[in-house]
Amino acid sequence: MSSTAIGVSLSMSSRIRRGGGGEVDVERVLVTASPTTLKLNQTRRVVAGRFLGMKKRFHGTVAITKAEVDDGEEKMTSRNMRVGLICGGPSAERGISLNSVRSVLDHIQGNGISVSCYYIDPDLNAYAISSAQVYSNTPADFDFKLESLAQAFASLSELAEHLVSAVDIVFPVIHGRFGEDGGIQQELLESHNIPFVGTGSVECRRAFDKYEASLALKEHGFMSVPNYLVQFTQGTEVDESEIAQWFTDNQLDLEVGKVVVKPANSGSSIGVKVAFGVKDSIKKATELILEGIDKRVVVEAFIENAYEFTAIVLDVGSASDCHPVVLLPSEVELKFHGSGDTKENAIFDYRRKYLPTQQVTYHTPPRFPIHVIKSIREEASLLFKKLSLRDFARFDGWYLTPTSNLASSASQTLTRSGDIIFTDINLISGMEQTSLFFQQASKVGFSHSNILRTIIYRASSRYRQLSWYNYDESSRGSKTMETPGDVQKVFVLFGGDTSERQVSVISGTNIWMNLQRFGDLKVTPCLLCSSLSNSMGAFPDKTESDLDNREVWLLPYSVVLRHTVEEVLAACMEAIDPDRARFTSLLQQQVKEDLMNALKNHSWFAGFDIIDEVPMRFSLKDWIKLAKESEATVFLSAHGGIGEDGTMQALLEDEGVPYTGSLQLMMQSLILHMSYVHPIDLLFRSNIKSSGVHASRICMDKAMASKALSHLSEFGVQTISNEVKRTEDIIHESIPDIWDELITKFKCLTLCVKPARDGCSTGVARLCSSDDLEVYVQALRDCLPRIRANSFSKTHGMIEMPNPTPELLIFEPFIETDEVIVSSKSSEKLSWKGSRRWVEITVGVIGKHGSMCSLSPSLTVKESGDILSLEEKFQGGTGINLTPPPTTIMRFVYTLRKEALERCKRGIELIAKTLGLEGFSRIDAFVHVETGDGTNKEVMQVMAIEVNTVPGMTPSTVLIQQALAEQPPMYPPQFFRTLLNLAAQRVK
């Protein structure tokens, strides 16, 4: 089975069916570029002249010259290398595995490589899945429907037999157990002589187990962190005297000695905890056993007064010759901002690894002395060889300062350096889009495609049966060529200063990476910087001087691959700092020389394809002028604030610069029907040049949007009653009085509070008492970046708080929805509990003004608490979305299930039309799944929650899944190109 992530169905059906049964002609706005214009990667040469029409050259994968499509799957030609990607697995890292395999698929498919995707579920059942499933947010999105959507194999042996004939080489992308512990290598690949990427089973087994790996480090003369393997005598009983003796031997206080407790066989910092003293260590070790995370637990000394780093090792040898080269390492800096108790949080945990957060910053290269970086590279290279690893790996470790608590251990007789210590060996490093794997590779000249193909081709050289493969120009993935025909310039704008800015970085990066695959586009990522006048806790304004202080950076390839606005901005400042730039350039040259000493001998390597260029800074006004002079289209991906409230749209429109999303539409007739004028509208009324307001501004303000839809109840569209209050008033008034006033007005016992003009679940909380409201208000007073989990009376997850403090808050009755449970272990994998029959959905709408079409809705499943968290919405590997909603849920008792879904989509399209949306937006709503409005059984009840005119476009966003659910499916490059073409159509 062959799958493709790009190049499939490049000529979509020329019509999209609407929920109402009619059709909208979208032939002119779909991707019509021939397949020869689609390329995989191109270098971003950020020089001013390129924006002014200079002829452009790029380094990247050759444009696809032929894409044969059959039902969304690319036909393999005899010259293609067939790569099988295997993801999933039984560990808690299976969601991250899905993120990684999605990224690998995106960047290796095409140009001499055909890809098939396979999935291993938690019970080690094997399936061949379509590439569309890879774009799911989490495996739980499709686990329950694998039997109907995927090709199941009776056993792993049957999968192995299939792979023998279906693929040439396997690339395992399973993190943790069964992926990095040697399981899949031994049971599936080596036993059937199937070529594969990565380290062999025996070596995997020892390197993956943290305790065994520490023993191996000592054997080879490397320093290791003092540790202790917890021995459970009976069940979960531990010999306390033995662990107490270990504390004593390592000069740790028996009562408060600080240690790290971690599973011996797990990755991604899952289950890693900080403990204090013997009893606390035993308690937390026992918890790991009872939670089923692992059967072996390691306690190790907590490293203090040291600097953490991580380094990617790339084997550029050939056949059996191992030639490891360490790329530019990254320093991992943990930061804390005075929120909560950091005593037990001072570790690089799962959340800090995979969710954008200001609590961690990466510096590539590290801010270490150059001799230390040299030692890290030399030591890691030697360790790679000593452990007999293959192809690639990631080593985590520490640089010990003289004041480190482990510095005295360096005096022990060692054959290696005493100030470098390795702690974790990752045999299948995380490979999501902005991972450290790609960040380090890009700093020395590798694009995503180039580094991945280098790994695959190097692995292939070990196997004689793959010697037939012809590494000619079209398969190398790196060739210089002229861009054919006219080039359309695109500026992708992301960032800003709202609480949604980090999600914006992920969205913008994803859009940029997908659009740059088209040879007729010149795509530049652009960072919108925080305003100089904005500060923690301040109320934002939109004065002329505030806009004057905003800046936009044009970013080169390697600088984009960061996790937060602050990190990108710091990378920009480092890049223009002369001393830091010279330091980085010297290290880059050393790494490139080391790489080329071996790569120059390989026929398949055609050179580096990324140039580490200098970012360019413009004022916001000058950037808009540049966009106009360049005749560029701006793809807006700045969530919230001026990116979504109509301000940026107005600025671009004034200069005649086309942009994606809703125009500055005149909605005077809508406003005339609204007796309510929102306080925040008064703040900006003087700045509105027209007699109406923007569609974007209406949608940005939740109360205003609710009022705009209030007349649609006869059509089944309802809104939630709300009360808007000023934050300043709430802070100074009696909390019990406010609580009593609200529950009396709404006649309810539970409230939902949210910022009036924010999104991404920022600051959204369920309140069950005045005490809960007091906790929430206190967080606003203290300007806390987040409210810790379970701070309220009802269980909930961590709540990200808005920054700056919102001026207005909205209170609503909390809508109780039924509980939808998705389980991979239960015989009933999908169950529905409750009798309210309300469920929450999120829906993308796409098209022209007045004729927006609803994509297939997604049912949102909350994993912790009653509010979808930031992680569940946008963090890959978390959050469950069922697309389309299962027919067992979306049904009417009196009609067909398919009709129920269509009625739901009609309600969503009515909302889009009423609000004057165009281009693309996302609508969140509650839907009653079984009854109409009581009078018209042809209408489904839809209760609008909020509308996002610049929705999140992260790789794991549910909107990508909805586009893939269309027939034929729209893969990400085509989806984003369609949105871009809608903007161009509007201008014409």
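This one's a predicted model, so the numbers in the text were calculated from it and none came from an experiment.

1. A few points about the overall build of the protein
So, point 1. Helix and strand content of the protein: 32 helices and 41 strands.
So, point 2. Partitioning the contacts of the protein with sequence separation of at least 6, the portion at a separation of at least 24 is 75%.

2. Notes on the packing of helix α11 (residues 370-386) against helix α19 (residues 578-599)
The description of two helices packed together rests on the angle between their axes and the distance between the axes.
So, point 1. Look at α11 against α19: their axes get within 12 Å of each other, and the N-to-C directions meet at 25°. With respect to α19, the axis of α11 lies roughly parallel. For α11 against α19, the interelement crossing comes out right-handed. Seen from α11, the contacting residues are Ile-370, Ile-373 and Arg-377; seen from α19, they are Phe-583, Leu-586, Leu-587, Val-591 and Asp-594.

3. Thoughts on the pattern of salt bridges
So, point 1. Taken as a whole, this structure holds 41 salt bridges when the rule is applied.
So, point 2. For Glu-219, the salt bridge identified is with Arg-206, shortest N-O distance 2.7 Å. You can see Glu-219 sitting in helix α7 (residues 210-219) and its partner Arg-206 sitting in helix α6 (residues 201-208), a full 13 residues away along the chain.
So, point 3. In this structure Glu-219 comes out as exposed when scored by relative accessible area, which is 55%.
So, point 4. On the basis of relative accessible area, Arg-206 is assigned to the partly exposed category, the value being 31%.
So, point 5. Ionic pairing is found between Glu-946 and Arg-922, a salt bridge with its closest N-O pair at 4.0 Å. One end of the pair, Glu-946, is in strand β41 (residues 942-948); the other, Arg-922, is in strand β40 (residues 919-928), and 24 residues separate them in sequence.
So, point 6. Judged by relative accessible area, Glu-946 falls into the buried class, the value being 12%.
So, point 7. In this structure Arg-922 comes out as buried when scored by relative accessible area, which is 6%.
So, point 8. Connected via shared salt-bridge partners are Lys-210, Lys-262, Glu-300 and Asp-424.

4. Side note on the sheet that holds strand β7 (residues 113-120)
So, point 1. Strand order in this open sheet of five strands is β9-β8-β7-β6-β10, and the pairing throughout is mixed. Strands at the two margins of the open sheet, each flanked by one partner only, are β9 (151-153) and β10 (169-172). Strand-to-strand twist across the sheet, computed as the mean angle between neighbouring axes with direction ignored, equals 30°.
So, point 2. Pairing of strand β6 (residues 81-88) with β7 involves eight bridges; the strand directions are parallel. Across the sheet, the residue bridging to Val-83 is Val-115, located in β7.
So, point 3. Here helix α13 (residues 448-460) sits on the sheet in contact with β6, β7 and β10, set at roughly 130° to β10.

5. Structural notes on a negative patch on the surface
So, point 1. A cluster of acidic residues, Glu-728, Asp-729, Glu-733, Asp-737 and Asp-740, forms a negative patch on the protein surface.
So, point 2. Of all the elements in the fold, those that place two or more residues in the negative patch are α26 (727-732) and α27 (735-746).
So, point 3. Residue placement: Glu-733 occurs in the loop between α26 and α27.
So, point 4. Note on Glu-733: relative accessible area 41%, which makes it partly exposed.

6. Overview of the sheet that holds strand β12 (residues 258-263)
So, point 1. Overall, antiparallel pairing links the four strands, which are arranged β11-β14-β12-β13 in an open sheet. Bordering the open sheet on either side are β11 (227-229) and β13 (273-276), each of which pairs with just one other strand. With direction set aside, neighbouring strand axes in the sheet form an average angle of 30°.
So, point 2. Sheet topology note: the β11/strand β14 (residues 297-301) ladder contains three bridges and is antiparallel. Each residue of the ladder has a partner; that of Asn-227, found in β14, is Glu-300.

7. Topic: a nonpolar patch on the surface
So, point 1. On the surface, Met-573, Ile-576 and Val-614 cluster together to form a nonpolar patch covering roughly 230 Å² of accessible area.
So, point 2. Within the secondary structure, Ile-576 is located in helix α18 (residues 565-576).

8. Regarding α27
Since the α-helix packs 3.6 residues into each turn, any two residues three or four apart lie on the same face.
So, point 1. Taking 1.5 Å per residue, twelve residues should reach 16 Å; α27 reaches 17 Å between its end C-alpha atoms and fits that length.
So, point 2. Residues of α27 that are buried: Ile-735, Ile-738, Trp-739, Leu-742, Ile-743 and Phe-746. The buried residues of α27 occupy an angular sector of 120° when the element is viewed end-on, so they sit on one face. More than 90 degrees from the buried face of α27, the exposed residues found are Asp-737 and Thr-744.
So, point 3. Once α27 ends, the next one or two residues include Lys-747, with phi positive near 55°.

9. Topic: the environment of Ile-846
So, point 1. By secondary structure assignment, the location of Ile-846 is in strand β36 (residues 838-847).
So, point 2. Separated by 136 residues in the primary sequence, Ile-846 and Leu-982 place their C-alpha atoms 9.1 Å from one another.

10. Observations regarding unusual backbone geometry
Residues apart from glycine generally show negative phi values, whereas peptide bonds are mostly found in trans.
So, point 1. Cis geometry marks the peptide bond from Thr-364 to Pro-365, where omega comes out at 0°.
So, point 2. Residue position: Pro-365 is located in the loop between β18 (360-363) and α11.
So, point 3. In this model, Gln-967 is joined to Pro-968 through a cis peptide bond whose omega is -5°.
So, point 4. Within the fold, Pro-968 resides in the loop between α31 (958-964) and α32 (972-987).

11. Quick notes on the state of the cysteines
So, point 1. Under the definition given, this model contains zero disulfides.
So, point 2. Here Cys-117 is not disulfide-linked; the sulfur of Cys-87 is the nearest cysteine sulfur, at 7.0 Å.
So, point 3. With relative accessibility at 1%, the residue Cys-117 sits in the buried group.

12. A short note on the packing of helix α12 (residues 436-443) against α13
So, point 1. Closest axis-to-axis distance for the α12/α13 pair is 9 Å, and the angle between their directions is 100°. What the angle tells us is that α12 and α13 run roughly perpendicular. Mapping the contact onto sequence places Phe-437, Phe-438 and Ala-441 in α12 and His-448, Ile-451, Leu-452 and Ile-455 in α13.
So, point 2. A per-class count over the contact of α12 with α13 returns six nonpolar, one polar and no charged.

13. Focus: the nonpolar core
Inside soluble globular proteins, nonpolar side chains tend to come together where they are buried.
So, point 1. Of all hydrophobic cores here, the largest spans 145 residues; its most connected members are Leu-85, Phe-171, Phe-395, Met-431, Phe-446, Leu-595 and Phe-975.
So, point 2. In this structure, Phe-171 is in contact with Val-83, Gly-84, Leu-85, Ile-86, Val-104, Val-197, Phe-392, Met-431, Leu-452, Ile-455 and Ile-456, ignoring residues within four places of it in sequence.
So, point 3. Formed by 32 residues, the second largest nonpolar core is a distinct cluster that contains Ile-698, Val-717, Leu-915 and Val-947.

14. Description of the side chain of Ser-136
So, point 1. As for its position among the elements, Ser-136 is in the loop between α2 (131-134) and α3 (146-149).
So, point 2. Leave out the neighbours within four places in its chain, and Ser-136 touches Leu-98, Arg-102, Asp-141, Phe-142 and Gln-961.

15. Notes on the pairing of strand β33 (residues 808-813)
So, point 1. Counting buried positions over the six residues of β33 gives six, a clear majority of the element.
So, point 2. Neither face of β33 is open: one carries Leu-808, Ile-810 and Glu-812, the other Leu-809, Phe-811 and Pro-813, and all of them are buried.
So, point 3. By the bridge criterion, four bridges tie strand β28 (residues 723-726) to β33 in an arrangement that is antiparallel. Within β33, the position partnered with Glu-723 by the bridge is Phe-811.

16. Quick word on the packing of aromatic side chains
So, point 1. Tallied over the full model, the rule gives 25 aromatic pairs.
So, point 2. Judged by centre distance (6.0 Å) and plane angle (25°), the rings of Tyr-307 and Tyr-399 are stacked. Pair noted here: Tyr-307 is in strand β15 (residues 306-315) and Tyr-399 is in strand β19 (residues 392-400), with a separation of 92 residues, a long-range link.
So, point 3. Accessibility expressed as a relative area gives 38% for Tyr-307, which makes it partly exposed.

17. Description of helix α8 (residues 240-249)
So, point 1. Along α8, the residues that are buried comprise Ile-243, Ala-244, Trp-246 and Phe-247. Down the axis, α8 shows its buried residues gathered within 155° of arc, on one side only.
So, point 2. Taken together, the buried residues of α8 touch β11, β12, α9 (277-290) and β14.
So, point 3. Of the residues flanking the end of α8, it is Gln-251, one or two places downstream, whose phi is positive at about 55°.

What counts, and where the lines are drawn
Within any chain, residue numbers begin from 1 and follow the written order of that chain's sequence. The predicted origin of the model limits local features to residues at a pLDDT of at least 70 and limits the giving and counting of side-chain atom pairs to 80 or more, whereas totals for whole chains, interfaces and linings rest on all residues. The side-chain values count all of the structure's non-hydrogen atoms but skip hydrogen atoms and water molecules. Labels follow the DSSP assignment, with helices taken as runs of H or I lasting at least four residues and strands as runs of E lasting at least two, numbered in each case from the N terminus. It only takes one pair of heavy atoms within 4.5 Å for two residues to be counted as in contact. Angles shown run from 0 to 180 degrees and are taken between the N-to-C directions of axes, each axis being a line fitted to C-alpha atoms and, for helices, limited to the stretch in contact. Any angle that falls under 35 degrees is termed roughly parallel, while one over 145 is termed roughly antiparallel, one within 65 to 115 roughly perpendicular, and all others oblique. Handedness of a crossing follows from how the near helix is turned relative to the far one, being left-handed for an anticlockwise turn of less than a right angle and right-handed for a clockwise one. For this document, the term salt bridge refers to a Lys or Arg side-chain nitrogen within 4 Å of an Asp or Glu carboxyl oxygen. Only protein chains enter the area calculation, which uses a 1.4 Å probe; residues under 20% of their type maximum are buried, those over 50% are exposed, and those in between are partly exposed. Only strands that DSSP links by at least two bridges are regarded as paired with each other. Distance thresholds for patches are 9 Å for like charges and 5 Å for nonpolar side chains (Val, Leu, Ile, Met, Phe, Trp, Tyr), applied to residues having over 30% relative accessible area and no salt bridge. Only the protein chains shown count as cover for residues, and the accessible areas themselves come from Shrake-Rupley with a 1.4 Å probe. For this count, His and the chain ends are skipped, Lys and Arg are scored as positive, and Asp and Glu as negative. Taken as the charge centre is NZ of Lys, CZ of Arg, CG of Asp or CD of Glu, depending on the residue. The length a helix should cover is 1.5 Å for every residue beyond the first. Directions drawn from the helix axis to the C-beta atoms are what define this arc. Counting rule for disulfides: a pair of cysteine sulfur atoms within 2.5 Å. Lys, Arg, Asp and Glu make up the charged group, whereas Ala, Val, Leu, Ile, Met, Phe, Trp, Tyr, Cys and Pro make up the nonpolar group; the residues left over, Gly among them, are polar. Only buried Ala, Val, Leu, Ile, Met, Phe, Trp, Tyr and Cys residues count toward a nonpolar core, and they belong to the same one when joined by side-chain atoms within 4.5 Å. Pairing of aromatic rings covers Phe, Tyr and Trp, the last through its six-membered ring, and needs centres within 6.5 Å; plane angles under 30 degrees mean stacked, over 60 mean edge-to-face, and all others mean tilted.

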